[in-house]
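# Structural features, examined
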Amino acid sequence: MLGRTLREVSTALKQGHITPTELCQKCLSLIKKTKFLNAYITVSEEVALKQAEESEKRYKKGHSLGDLDGIPVAVKDNFSTSSIETTCASNMLKGYVPPYNATVVQKLLDKGAVLMGKTNLDEFAMGSGSTDGVFGPVKNPWSYSKQYREKRKQKAHGENEDSNWLITGGSSGGSAAAVAAFTCFAALGSDTGGSTRNPAAHCGVVGFKPSYGLVSRHGLIPLVNSMDVPGILTRCVDDAAIVLGMLAGHDPKDSTTIQDPVKPFTLPTFADVNKLCIGIPKEYLAPELSSEVRSFWSKAANLFESEGAKVIEVSLPHTSYSIVCYHVLCTSEVASNMARFDGLEYGHRCDINVSTEAMYAATRREGFNDVVRGRILSGNFFLLKENYENYFIKAQKVRRLIANDFVNVFNSGVDVLLTPTTLSEAVPYLEFIKEDNRTRSAQDDIFTQAVNMAGENLTSAIPEPHAKEPEQLHVTSFSYLPMTNELAGIIETFVVTKRPYWT
Amino acid sequence: MSSLLSASSALREDALRRLKREMWARAVKLGLRSWVGWRRGFTSKADPQRSGRVTAEVIEHLERLALVDFGSQEAVARLEKAIAFADRLRAVDTDGVEPMESVLEDRCLYLRSDNVVEGNCAEELLQNAHRVVEEYFVAPPGMCSPKWLNRLSLSELRI
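Residues numbered from 1 in each chain as written. Chains lettered and ligands numbered in written order. Predicted model: local features only at pLDDT ≥ 70, side-chain atom pairs only at ≥ 80, totals over all residues. Heavy atoms only, no water.

Per an unreviewed UniProt entry, the recorded name for chain B is Glutamyl-tRNA(Gln) amidotransferase subunit C, mitochondrial, and the organism is Zalophus californianus. Listed in UniProt under the heading Sequence similarities (unreviewed entry), the comment for chain B reads: "Belongs to the GatC family." Taken from UniProt, the Subunit (unreviewed entry) comment for chain B reads in full: "Subunit of the heterotrimeric GatCAB amidotransferase (AdT) complex, composed of A (QRSL1), B (GATB) and C (GATC) subunits." (UniProt positions renumbered as here; feature names shortened; annotations may be inferred.)

The name an unreviewed UniProt entry gives chain A is Glutamyl-tRNA(Gln) amidotransferase subunit A, mitochondrial, with Zalophus californianus as the organism. Its UniProt record gives chain A a comment under Catalytic activity (unreviewed entry), which states: "L-glutamyl-tRNA(Gln) + L-glutamine + ATP + H2O = L-glutaminyl-tRNA(Gln) + L-glutamate + ADP + phosphate + H(+)". Here is the UniProt Function (unreviewed entry) comment for chain A, exactly as written: "Allows the formation of correctly charged Gln-tRNA(Gln) through the transamidation of misacylated Glu-tRNA(Gln) in the mitochondria. The reaction takes place in the presence of glutamine and ATP through an activated gamma-phospho-Glu-tRNA(Gln)."

### Overview of the environment of L109(A)
With respect to the element layout, L109(A) can be found in helix α4 (residues 103-110). Residues in contact with L109(A), not counting those within four places in the same chain, are Q51(A), N101(A) and L115(A). (Helix = DSSP H or I, 4+ residues; strand = E, 2+ residues; numbered from the N terminus. Contact = heavy atoms within 4.5 Å.)

### Overview of a negative patch on the surface
Residue and element names in this part refer to chain B. A surface patch of like charges, here negative, comprises E123, E124, E134 and E135. Counting through the fold element by element, E124 comes out in helix α5 (residues 122-126). A residue is classified by how much of its surface remains accessible, and E124, at 39% relative accessible area, is partly exposed. (Patch = residues over 30% accessible without salt bridge, like charges linked within 9 Å, V, L, I, M, F, W, Y side chains within 5 Å. Areas by Shrake-Rupley, 256 points an atom, 1.4 Å probe, with all protein chains shown as cover. Salt bridge = Lys/Arg side-chain N within 4 Å of Asp/Glu carboxyl O. Lys, Arg positive; Asp, Glu negative; His and termini not counted. Charge placed at Lys NZ, Arg CZ, Asp CG, Glu CD. Buried < 20%, exposed > 50% of the residue type's maximum accessible area, 1.4 Å probe, protein only.)

### Some points on the packing of helix α12 (residues 370-383) of chain A against helix α3 (residues 56-66) of chain B
Close contact between α12(A) and α3(B) brings their axes to 10 Å; oriented N to C, the two are set at 105°. In terms of axis orientation, α12(A) runs roughly perpendicular to α3(B). In this structure, α12(A) uses I376(A), L377(A), N380(A) and F381(A) to contact α3(B), whose residues at the interface are V58(B), L62(B), L65(B) and A66(B). Looking at the contact of α12(A) with α3(B) residue by residue, the classes come out as seven nonpolar, one polar and no charged. (Axes fitted to C-alpha atoms, helices over the stretch in contact; angles between N-to-C directions. Parallel < 35°, antiparallel > 145°, perpendicular 65-115°, else oblique. Nonpolar A, V, L, I, M, F, W, Y, C, P; charged D, E, K, R; others polar.)

### Quick word on the interface of chain A and chain B
Listed as interface residues are 70 residues of chain A and, on the opposing side, 62 residues of chain B. The interface formed by chain A and chain B includes five salt bridges. When the shortest N-O distance is used, the salt bridge between E357(A) and R64(B) registers 2.8 Å. Scanning the region where chain A abuts chain B turns up 20 residue pairs in polar contact (both at pLDDT 80 or more). Every element with two or more residues in the side of chain A that touches chain B is listed here: α10 (319-337), α11 (356-367), α12, α13 (385-411), α15 (437-444) and α16 (449-454) of chain A. The leading source of residues in the side of chain A that touches chain B is α13(A), at 12 residues. The class makeup of the residues in the side of chain A that touches chain B is 35 nonpolar, 18 polar and 17 charged. (Polar contact = N/O pair within 3.5 Å; in protein donor to acceptor, adjacent residues only side chain to side chain.)

### Some words on the packing of aromatic side chains
Residues and elements named next belong to chain A. Under the definition given, this model contains 11 aromatic pairs over all chains. Ring plane angle 50° and centroid distance 5.0 Å describe the contact between F124 and F341, whose orientation is recorded as tilted. With F124 in the loop between β3 (114-119) and α5 (146-154) and F341 in the loop between α10 and α11, this residue pair connects regions lying 217 residues apart in the sequence. A residue is classified by how much of its surface remains accessible, and F124, at 4% relative accessible area, is buried. Its relative accessible area of 3% is what places F341 among the buried residues. An angle of 35° between the planes, with centres 5.1 Å apart, marks the rings of F382 and Y391 as tilted. Members of the aromatic cluster, joined through ring pairs, are Y96, F124, F341, Y346 and F368. (Phe/Tyr/Trp six-rings, centres within 6.5 Å; stacked < 30°, edge-to-face > 60°.)

Laid out in structure tokens, this is it:
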């Protein structure tokens, strides 16, 4: 039951094959069994059981709230949840209990979803491995899969069983691991430079990044205001479409949400690709791309071509600068956003009482880790009067060039772009930590962040199940239409089976 | 008035002395080199890969602005690398290109009507603060005297 898709479980609940309480208890016991993954920071057991009970009452009366009623979900720990600790995996917010729910969390709860807990992440969502939070790194469930164990047996013998576990990718690694380990059916992540799609790729689940402005950011503790979006992680594309339908739409509490009406949609069971034009950006054929990912990319392109779609090569000329541009803009906005943490109104506060500046400085030293401090200092450097024009404004200009690249491609008749999500499969933790956070982020976000800067793109990542470790593809389209989901669904139907492929 | 002033200046002197004591204690505890040589040691050395942009003045300035300290030589090195990485942007021709602040620049932000629809939750909001007196957040004294501001930089305030 736990390996089913959201839609299948929802049907089972409606038909009475299983009750929300039973489902909730199964998930809770699986969370306990998979505690070694470290996917959850807080497991909200009492809250979940209470919500499950209420859902059960609704089902008994025949008044279910819809497809999400009674479904266990998890939320990344940088979304505010009323009365449930929200830490952002940082000492700065340990013990912080928000007095309100983030809009997306409230929407899920209003539709009857059952909140299993808050998932682990990189501290303040800065990182691409989910290894830098204060609660420890998240382990990829695939590290314990048959395929990976077999692959490891062929290598060194006498190696400690648990020493070579794989990272989940980041920063929404906990959410991805929670979904991949079957402890919930959907999870919320956040996506600023690939933080939902990267762990989705490494954990073999679907990661969906909505266009900027489609889903409310109210309650999401901000990293980069102009690029952040809440992300959705599920086990299949259809589930992501269901969740998106519940979350999208204007929110008066977030004035950066678009005011156009948004209609929920369902994916067609059969989609015609004859009239579709798919673009393959040639600049994404990086030399560092692993051969397995490259071959999967060709396989998908050939699949579409054989079904009648037009597959052409396109160019996004400023691709090589996008990661640099992202780095400057991200650190600059971070420097500004992290200024709110001074220990006065909420969060950690040190014991020094000599002066406000001394108190702020010591509080921030104790509360933030090296990664966060490094980004704040870099951001402040780029924002210095003498550097503002040459770095920050320059990066904003390059951002426009990158966004224009996408506009030009989509205006030339291309409907969607098909690209890899990451350079290679998930790497073992011991190898990942050989480089620092900034270097890793620059390497791992290379395909994903350009889309965050252009903003107006829907993106999803679809898993390749037959590989030894998960690999993924990216499908990007230009508008707020559900087209990427349809195409992702097509790839899924042909390439992926809906049964769990790791045991 | 004069007694207040002398009391406050005595307090400040006390505080300074206590600060310096604590700084020494921590330096010894962490096995750091003496704090006098500490900042001097942070300037970037001549290195072909580094731009040498992060001088002692820049370090002090950034720490003051950010209220976050570097903490180690590695952190300075990381900033140097970050700057070198960002320098790659110079190769892009951006003549005549307008900076892009937001992808939604061609839309108007939503403005709601100016009516009070929520609030009255002071108690809830005060619960998350460590130090509260009635309905006030309590902060340590700010440094209002210019003499104080000039004398002490963040590193001197560093504990």
